[in-house]
Amino acid sequence: MQCGICPRNCGIDRSLHAGACGAELLPRVARVGLHHWEEPCISGTQGSGAVFFSGCNLRCVFCQNHVIRDGTLGLPCDAETLCRHFFSLKSQGAHNINLVTPTPHADTLIDALRLARSRGLELPVVYNTNAYERVETLRRLEGLVDIYLPDFKYVSPLLSERFSGCADYYPVAAEAIAEMHRQVGILRLDAAGIARRGLLIRHLVLPGCIDDSRRVLDAIAGMLPRESFLSLMRQYAPTPNIEAPPLNRRLTDREYERICLYCGDLGFQNVYIQGRESADLSYTPDFAKSQ
């Protein structure tokens, strides 16, 4: 069957060859475990039940999970195996099931989530995505995903082509995020401050790209209510392969402060921010130890 899950629409038969995302027919899982470095409403006190998938439909030059991006790391998992992983995470006390880079694996995930729900899984399911999604695929997930966690990266086609290999990122991501909001609405927290259902939009602020970060916030303000939850991430740290400016340095205090102030000026009320210490590659999972 020719693959059309994501906007790449590569048309590759993934039962025979890996798609443009690097993924084969069955998803490869690079790591399963409690993850404590998401937003407080996602990680909580006990950790988010993270399932890290190999393969990605973007080619971000600054990707901190680049070792699993090509789709070859990890063990292939069918729906039954994924379902068992979900219940294992539940038994460890996870606040949710956090599907990290799920897009290329939507077909198997839909089967796995339906199976898990039929067996009594009641934890919220988090769809942790780069937002480069087809609306048609997202509609197939309706009722199975409780929390959408997209990273809204760019408005500029020049930046999205240069840094992620897709000039059409903005119109695709904007349409996808609008669909996510239609499905789940504004993020709702329980009495303990843990997310139960809704949309939380992340934006990674990149050094030297502050004007585009403002445009991303303008786009969100034009699409969604000011009560929407945002996460302004300061955690960018250059990986060893990046030598050219502007991505060869960390974000300055002033750059990040300007974006936080601009977000406040737009009237957003529910915004997570990060300290300088978040820009540290040590927070990236060691996928080699997971094998």
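Below is a short write-up of the structure. Not measured: the values here are computed from a predicted model.

## Some words on unusual backbone geometry
Right, so step 1: Pro 246 follows Pro 245 through a cis peptide bond whose omega is 5°.
Right, so step 2: Within the secondary structure layout, Pro 246 lies in the loop between strand E9 (229-233) and helix H8 (253-265).
Right, so step 3: Residue Thr 101 is not a glycine yet carries a positive backbone phi of 60°.
Right, so step 4: Inspection of the secondary structure puts Thr 101 in the loop between strand E4 (97-100) and helix H3 (106-118).

## Concerning the pattern of salt bridges
Right, so step 1: One pass over the structure, following the stated rule, counts 18 salt bridges.
Right, so step 2: Between Arg 276 and Asp 253 there is a salt bridge; the shortest N-O distance is 2.4 Å. Note that Arg 276 is positioned in the segment after strand E10 (270-273) and Asp 253 in helix H8, a separation of 23 residues in sequence.
Right, so step 3: Salt bridges sharing partners connect three or more residues here, namely Arg 139, Glu 142, Glu 179 and Arg 182.

## As for the packing of helix H7 (residues 210-223) against H8
Right, so step 1: Two numbers describe how H7 lies on H8: the axes approach to 10 Å, and their chain directions differ by 20°. With respect to H8, the axis of H7 lies roughly parallel. Between H7 and H8 lies a crossing of right-handed hand. Counted together, Ile 210, Ser 213, Arg 214, Leu 217 and Asp 218 of H7 and Glu 255, Arg 258, Ile 259, Tyr 262 and Cys 263 of H8 form the full contact between these two elements.
Right, so step 2: Partitioned by chemical class, the residues of the contact of H7 with H8 number five nonpolar, one polar and four charged.

## Thoughts on the packing of aromatic side chains
Right, so step 1: In this structure the tally under the stated criterion is five aromatic pairs.
Right, so step 2: Ring geometry for Tyr 132 and Tyr 169: centres 6.2 Å apart, planes at 15°, overall stacked. Taken together, the positions of Tyr 132 in the loop between strand E5 (125-129) and helix H4 (135-140) and Tyr 169 in helix H6 (residues 169-184) put the pair 37 residues apart, joining distant regions of the chain.
Right, so step 3: Given a relative accessible area of 2%, Tyr 132 falls into the buried group.
Right, so step 4: Using a relative accessible area of 0% as the deciding quantity, one classes Tyr 169 as buried.
Right, so step 5: When the ring of Tyr 154 is compared with that of Tyr 169, the centres are 5.6 Å apart and the planes differ by 85°; the resulting orientation is edge-to-face. Residue Tyr 154 is found in the loop between strand E6 (147-150) and helix H5 (157-164), and its partner Tyr 169 is found in helix H6; the two are separated by 15 residues along the sequence. Across the pair, exposure class does not vary: Tyr 154 and Tyr 169 are buried alike.
Right, so step 6: Among the aromatic residues, those joined into a cluster by ring pairs are Tyr 132, Tyr 154 and Tyr 169.
Right, so step 7: We note Arg 226 situated over the ring of Phe 268; from NZ or CZ to the ring centre the distance is 5.7 Å.

Thresholds, definitions, all that
- Residues numbered from 1 in each chain as written.
- Predicted model: local features only at pLDDT ≥ 70, side-chain atom pairs only at ≥ 80, totals over all residues.
- Heavy atoms only, no water.
- Helix = DSSP H or I, 4+ residues; strand = E, 2+ residues; numbered from the N terminus.
- Salt bridge = Lys/Arg side-chain N within 4 Å of Asp/Glu carboxyl O.
- Axes fitted to C-alpha atoms, helices over the stretch in contact; angles between N-to-C directions.
- Parallel < 35°, antiparallel > 145°, perpendicular 65-115°, else oblique.
- Left-handed = near helix turned anticlockwise from the far one by under 90°.
- Contact = heavy atoms within 4.5 Å.
- Nonpolar A, V, L, I, M, F, W, Y, C, P; charged D, E, K, R; others polar.
- Phe/Tyr/Trp six-rings, centres within 6.5 Å; stacked < 30°, edge-to-face > 60°.
- Buried < 20%, exposed > 50% of the residue type's maximum accessible area, 1.4 Å probe, protein only.
- Lys NZ or Arg CZ within 6 Å of the ring centre and 35° of its normal.

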